[in-house]
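Analysis of the macromolecular model
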Amino acid sequence: QVQVVESGGGLVQPGGTLRLSCAANGDIRMISLMAWYRQAPGKQREFIADIRSGSAANYADSVKDRFTISRDNAKNTAYLQMNSLTPEDTAIYYCYTGAITPSGGRWNAWGQGTQVTVSS
């Protein structure tokens, strides 16, 4: 089983930066996918970015050129560097991970979320 833990959220002023981390732990042979989603109050959860093994990253248009997703395969960890933050980026940010176990099984798991608040 895979467990996913996000960290790095907090309060930041408009124009500021934050870096979120997503660590996957458990019975993992390989991480196939790490993705970030967010959910603002009263809105549906939306895709932000993902990065798959051997593939380029994908981004939502709303964050392209401001956010960067990256991975550290040795640590089974993904990062989301967020620059030029605006109040519209305020949301709970969730990490979604797909993993392959040593026995060849597949797991997908959500983290518990980390709050990002952009306000002056």
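Refer to the preceding data block for the structure.
Notes on the structure in this doc start here. (Residues numbered from 1 in each chain as written. Predicted model: local features only at pLDDT ≥ 70, side-chain atom pairs only at ≥ 80, totals over all residues. Heavy atoms only, no water.)

Examining the state of the cysteines
- Under the defined criterion, the tally for this structure stands at one disulfide.
- Two residues, C22 and C95, share a disulfide whose sulfurs are 2.0 Å apart. Across the S-S bond linking C22 and C95, the dihedral sits near -75°, which makes this disulfide left-handed. One end of the pair, C22, is in strand β3 (residues 18-26); the other, C95, is in strand β9 (residues 91-100), with 73 residues separating them in the sequence. By the burial criterion, C22 is buried, and C95 matches it. (Disulfide = S-S within 2.5 Å. Helix = DSSP H or I, 4+ residues; strand = E, 2+ residues; numbered from the N terminus. Buried < 20%, exposed > 50% of the residue type's maximum accessible area, 1.4 Å probe, protein only.)

Observations regarding the side chain of D89
- Within the secondary structure layout, D89 lies in the loop between β8 (77-82) and β9.
- A polar atom in the side chain of D89 sits 2.9 Å from the side chain of R38.
- Contacts of D89, omitting those with residues within four sequence positions, involve R38, R66, F67, S84, V116 and V118. (Polar contact = N/O pair within 3.5 Å; in protein donor to acceptor, adjacent residues only side chain to side chain. Contact = heavy atoms within 4.5 Å.)

Structural notes on the packing of aromatic side chains
- Applying the stated criterion to the full structure yields four aromatic pairs.
- Here the aromatic rings of Y37 and F47 are separated by 5.6 Å at their centres, their planes lie at 75°, and the arrangement is edge-to-face. In this pair, Y37 sits in strand β4 (residues 30-39) while F47 sits in strand β5 (residues 46-52), placing the two residues 10 residues apart along the sequence.
- For Y37, a relative accessible area of 22% puts it in the partly exposed group.
- When the centroid spacing of 5.1 Å and the interplanar angle of 65° are considered together, the rings of Y37 and W110 count as edge-to-face. (Phe/Tyr/Trp six-rings, centres within 6.5 Å; stacked < 30°, edge-to-face > 60°.)

Everything listed here is a matter of geometry and, on its own, says nothing about what the molecule does.
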